[in-house]
Amino acid sequence: AQSVTQLDSQVPVFEEAPVELRCNYSSSVSVYLFWYVQYPNQGLQLLLKYLSGSTLVKGINGFEAEFNKSQTSFHLRKPSVHISDTAEYFCAVTRGGGATNKLIFGTGTLLAVQP
Amino acid sequence: EAEVAQSPRYKITEKSQAVAFWCDPISGHATLYWYRQILGQGPELLVQFQDESVVDDSQLPKDRFSAERLKGVDSTLKIQPAELGDSAMYLCASSSGTGTGVYEQYFGPGTRLTVT
């Protein structure tokens, strides 16, 4: 079975500073990895995904993530954050293929950008 | 831009009452998912449909929850009777693929349920 761990429940950061949100996964099979963002009282929006190929993945809004198979990590980074980046960020994994490709989510990290 | 529609956006109900949520996926999307997101946690899959067939309902509390997608388009999730622990955000998502690939799931805005 797959699982996702987001160690930081909340990350405070000042505007224009860099940020890294950590995600580690556990799986005995190959997986596909995603980062979603959720603004208050809204659904989830896909930021980026790793399916195969280059381990550095670029997404929307200036975010990027690096897949590290040996460390089973998929950390999300942004070099300079905006106030508007304040939101909950979820890392998710799916085994893919077969009849079900359900997403297994972490517990989320609240990114709180301060002026 | 096509979106997943959900209604109502907010629902307050009393314990032991029945409640229903509706989801209209993006047109042409064969796969539909219902997730439950308890406050402070990530979403958890309740049920997955491919067209009108249930693919995965292993985490659906079947004694009180039911879901249907009769014509393979829109879907309804019902809870009867509601319990205090059902208070959560209920998210619907859809994806276009039905094969063995990995397909992006598009999420609706969710229905926030409060059981009093």
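Scroll up for the structure.
Along each chain, residues carry numbers from 1 onward, in the same order as the chain's sequence is written. Both sets of labels track the order of writing: A upward for chains, 1 upward for ligands. Side-chain atom pairs in this predicted model are given and counted only at pLDDT of 80 or more, local residue features only at pLDDT of at least 70, and totals for whole chains, interfaces and linings cover all residues. Think of the side-chain values as coming from all heavy atoms in the structure, minus any hydrogens and water.

**Student:** Please explain the overall build of chain B as it appears in this structure.
**Tutor:** A count of helical and extended segments in chain B gives zero helices and 11 strands. What you see in chain B, going N to C, is helices and strands ordered as β-β-β-β-β-β-β-β-β-β-β. Both definitions apply: the radius of gyration is a C-alpha atom measure, and the globule rule equals 2.2 Å times residues to the power 0.38. In terms of overall size, chain B behaves like a compact globule, its C-alpha atoms giving a radius of gyration of 14 Å where 116 residues would be expected to give roughly 13 Å. When its C-alpha atoms are laid out on the principal axes, chain B stretches across 40 × 30 × 25 Å. A simple rule labels every residue: compare its accessible area, found with a 1.4 Å probe on the protein chains alone, to the largest value its type can have, and call it buried under 20%, exposed over 50%, or partly exposed in between. Taking all 116 residues of chain B together, 45% fall into the buried category. Contacts are assigned to residue pairs that have any heavy atoms within 4.5 Å of one another. Within chain B, counting contacts between residues at least 6 apart in sequence, those at least 24 apart form 53% of the total. As displayed, chain B offers around 5,600 Å² of accessible surface, 46% of which is attributable to carbon and sulfur atoms. In chain B, 10 positive and 15 negative side-chain charges are present, and the distance between their average locations comes to 7 Å. Strands are runs of DSSP state E lasting at least 2 residues, helices are runs of H or I lasting at least 4, and numbering of each runs from the N terminus. Note on areas: Shrake-Rupley with a 1.4 Å probe; residue coverage comes only from the protein chains shown. Asp and Glu count as negative and Lys and Arg as positive, but His and the ends of the chain are not part of the count. Working definition for charges: the position is that of NZ of Lys, CZ of Arg, CG of Asp or CD of Glu.

**Student:** I'm lost on empty space enclosed by the protein in this one. Help?
**Tutor:** Using a probe with the size of a water molecule, rolled over the atoms, empty space left in the structure can be pinpointed. With a 1 Å grid laid over protein atoms only, a set of points is called a cavity when a 1.4 Å probe fits there but cannot get out and a pocket when it is open yet has protein on both sides within 12 Å along at least five of seven lines; lining residues have an atom within 4 Å of a point. Grid points are joined across faces, edges and corners, and a volume is the space filled by probe spheres set on the points. In this structure the tally under the stated criterion is two cavities of 30 Å³ or more. Contributing to the lining of the second largest cavity are F34, Y36, T94, N101 and L103 of chain A together with V102, Y103 and Q105 of chain B. Grouping the amino acids of the lining of the second largest cavity by side-chain chemistry returns five nonpolar, three polar and no charged. Residues were grouped as follows: Ala, Val, Leu, Ile, Met, Phe, Trp, Tyr, Cys and Pro as nonpolar; Asp, Glu, Lys and Arg as charged; and all remaining residues, including Gly, as polar.

**Student:** Just to check I follow, could you spell out the environment of L56 of chain A for this structure?
**Tutor:** Residue and element names in this part refer to chain A. Looking at the secondary structure, you find L56 in strand β7 (residues 56–58). Placed 26 residues apart in sequence, L56 and S30 show a C-alpha to C-alpha distance of 17 Å. For L56, the residues in contact, after removing those within four places along its chain, are E64, A65, E66 and R77.

**Student:** Help me out: how do you make sense of the sheet that holds strand β7 (residues 65–68) of chain B in this one?
**Tutor:** Residue and element names in this part refer to chain B. Taken together, four strands build an open sheet; the order of strands is β1-β3-β8-β7 and the sheet is antiparallel. The sheet terminates laterally at β1 (5–7) and β7, the two strands that pair on one side only. Within the sheet, the average angular offset between the axes of one strand and its neighbour, ignoring direction, is 15°. As paired elements, β7 and strand β8 (residues 75–79) share four bridges and run antiparallel to each other. In the strand pairing of β8, E68 is matched with T76. A strand pair is defined by DSSP finding two or more bridges across the two strands. Here an angle of 0 to 180 degrees is reported between the N-to-C directions of two axes, which are lines fitted to C-alpha atoms, with helices fitted over the stretch in contact.

**Student:** Could you clarify how one ought to interpret unusual backbone geometry in this entry?
**Tutor:** Outside of glycine, negative phi angles account for most residues, and trans bonds account for most peptide bonds. The omega angle of the peptide bond from S7 of chain B to P8 of chain B is -10°, so this bond is cis rather than trans. By the element assignment, P8 of chain B lies in the loop between β1 and β2 (10–13). Following Q80 of chain B, the chain continues to P81 of chain B via a peptide bond in cis, the omega torsion being -5°. Among the secondary structure elements, P81 of chain B is positioned in the loop between β8 and β9 (88–95). For N61 of chain A, which is not glycine, the phi torsion reads 60° and is therefore positive. Relative to the helices and strands, N61 of chain A resides in the loop between β7 and β8 (64–68). N61 of chain A sits in the partly exposed class, given a relative accessible area of 41%.

**Student:** Even after reading the chapter, I still don't get the layout of surface pockets, so can you show me in this structure?
**Tutor:** The calculated volume of the largest pocket comes to roughly 420 Å³. In terms of residue class, the lining of the largest pocket is built from 11 nonpolar, six polar and three charged. The volume enclosed by the second largest pocket comes to roughly 350 Å³. In terms of lining, the second largest pocket is formed by 20 residues, of which the most central are Q38 and E88 of chain A together with Q37, L39 and G40 of chain B. At three residues, strand β10 (residues 87–94) of chain A tops the list of elements feeding residues into the lining of the second largest pocket.

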